[in-house]
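Below are the chains, spelled out letter by letter.
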Amino acid sequence: MNNKPYFGLWMLLATALVVFVGVSLVSPVKIFGVELQKATFVDVLSAPAEVPTAHKTAPATVKKPQKHQRAQLDTTSKTILFIGDSMLEGLSPRLAAYTRHNGHTLYTVIWYSSTTEVWGSSDKLKHYINKYHPDYVFVCLGANELFVRDIATKRARYVDNMLRQIGTIPYVWIGPPNWKKDTGINQLVASKTKPGCFFLSDGMKFERSKDGAHPTRKSSALWMDSVARWVELHSAHPIRLKKPARVNARANRVEVLQPKR
């Protein structure tokens, strides 16, 4: 078989390609009055190979804790209102020791089996604010809502209402002492409260009473020690809470509300 005709054809095509590439490297060039633009495919052929990078896509971002502007340590005597559920049985006596040692006045309202829904669907909080005229409010709620499904939808309006009742009064919301992973109560309250006003208790180690939920009195006292240190050093509105020598004391007044039926 004679391949010469094909060989000549291939040589002709190869020569034309070389000429075309050569012309493409010059921009612009006129041949027989026709202007040839630089071929873009030459840029592709002559471009340096892409060097792989460590991340072809943006790495996942982690939301940083929201910063807050802290006020100066307030060393004046305060009237403190402490409201919440049965966790106050252990916390209130220890906070009372702090308030007596530091010249504050403490009024405690324990509403057994209460939740953000129970408090937030009533005006009880505003009632006690009007009654005792506190300059500082402590709240401890959420233990009875650890396992509520779709809690952000079901409880958000009640948390909002409680915070509206507190208004401009400086406050600290103490999160529940989780004994199991919650369904979102801590995240909900943390997202609703102002920066520097929510103390996350989840993750702390507690000695529990027989019910497996409530910390023992000794463990509750240590819990309040942690809260007091945080209030002085890290909260948005620090007040004087130096550690007292005595372990427990009684609040200036304790009111008890029975479960809502």
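Preceding block: the structure.
Residues numbered from 1 in each chain as written. Predicted model: local features only at pLDDT ≥ 70, side-chain atom pairs only at ≥ 80, totals over all residues. Heavy atoms only, no water.

Chemist: What's the story with the overall build of the protein chain in this structure? I'm lost.
Modeler: A tally of regular secondary structure across the protein chain gives 8 helices and 8 strands. Across the 261 residues in the protein chain, those meeting the buried criterion constitute 43%. A sequence separation of at least 24 residues applies to 77% of the contacts in the protein chain between residues at least 6 apart. Total accessible area computed for the protein chain in this model is approximately 15,900 Å², and 57% of it derives from carbon and sulfur atoms. (Helix = DSSP H or I, 4+ residues; strand = E, 2+ residues; numbered from the N terminus. Buried < 20%, exposed > 50% of the residue type's maximum accessible area, 1.4 Å probe, protein only. Contact = heavy atoms within 4.5 Å. Areas by Shrake-Rupley, 256 points an atom, 1.4 Å probe, with all protein chains shown as cover.)

Chemist: Explain the environment of Ala249 to me, please; I cannot follow it from the model alone.
Modeler: With respect to the helices, strands and loops of the structure, Ala249 is situated in the loop between helix H8 (217-233) and strand S8 (253-257). Judged by its relative accessible area of 12%, Ala249 falls in the buried class. The spatial distance from the C-alpha of Ala249 to the C-alpha of Ala96 is 5.2 Å, given a sequence separation of 153 residues.

Chemist: Just checking my understanding: could you explain helix H7 (residues 185-192) for this structure?
Modeler: Note: α-helices contain 3.6 residues per turn, so residues at a spacing of three or four share the same orientation. Of all the positions in H7, only Ile185, Asn186, Leu188 and Val189 are classed as buried. Taken end-on, H7 shows its buried residues confined to a sector of 165°, consistent with a single buried face. Away from its buried face, by an angle of more than 90 degrees, H7 presents the exposed residues Gln187 and Ser191. (Arc of directions from axis to C-beta.)

Chemist: Is there a simple way to explain H8 in this structure?
Modeler: With 17 residues, H8 should reach 24 Å at 1.5 Å per residue; the first-to-last C-alpha distance of 24 Å fits that figure. In terms of burial, H8 is largely enclosed, as 12 of its 17 residues are buried. Taken together, the buried positions of H8 are Ser219, Ser220, Ala221, Trp223, Met224, Asp225, Ser226, Val227, Ala228, Trp230, Val231 and Glu232. (Expected span 1.5 Å × (residues − 1).)

Chemist: Looking at this model, I keep getting lost on the sheet that holds strand S4 (residues 105-111). Mind explaining?
Modeler: Working definition: the strands of a sheet are paired by backbone hydrogen bonds and lie parallel or antiparallel to each other. Taken in spatial order, the 6 strands of this open sheet run S7-S6-S5-S3-S4-S8, and their pairing is parallel. Strand pairing shows two members of the sheet lacking a second neighbour, strand S7 (198-199) and S8, which therefore form its edges. Where S4 and S8 come together, 5 bridges link them in parallel fashion. Pairing of Trp111 across the sheet is with Leu257, part of S8. (Pairing = 2+ DSSP bridges.)

Chemist: Just checking my understanding: could you explain the nonpolar core for this structure?
Modeler: One broad rule of soluble globular proteins: the nonpolar side chains tend to lie buried together. Formed by 31 residues in total, the largest nonpolar core has its most connected members in Leu81 and Trp173. Looking at this core, the elements with two or more residues in it are strand S3 (79-84), S4, helix H4 (116-120), helix H5 (124-132), strand S5 (136-140), helix H6 (151-166), strand S6 (171-174) and H7. Those residues within four positions of Trp173 in sequence are excluded, and the remaining contacts are Thr116, Val139, Leu141, Val159, Met162, Leu163, Val189, Thr193, Cys197, Phe198 and Phe199. Phe82, Ala143, Phe199 and Leu241 belong to the second-largest nonpolar core, a separate cluster that totals 29 residues. (Core = buried A, V, L, I, M, F, W, Y, C linked by side-chain atoms within 4.5 Å.)

Chemist: Help me out: how do you make sense of the side chain of Glu145 in this one?
Modeler: Position of Glu145 among the secondary structure elements: in the loop between S5 and H6. Residue Glu145 is classed as buried on the basis of its relative accessible area of 0%. Excluding anything up to four places from it in sequence, Glu145 contacts Thr115, Thr116, Glu117, Ile151, Arg155, Thr183 and Ile185.

Chemist: Teacher, can you tell me more about the packing of aromatic side chains here?
Modeler: Scanning the model with the defined rule gives 8 aromatic pairs in all. When the centroid spacing of 6.0 Å and the interplanar angle of 70° are considered together, the rings of Phe82 and Phe138 count as edge-to-face. Here Phe82, found in strand S3, pairs with Phe138, found in strand S5; they are 56 residues apart in sequence, far enough to count as distant. Judged by relative accessible area, which is 0%, Phe82 ranks as buried. (Phe/Tyr/Trp six-rings, centres within 6.5 Å; stacked < 30°, edge-to-face > 60°.)

No statement about biological role is implied by the geometric values presented.
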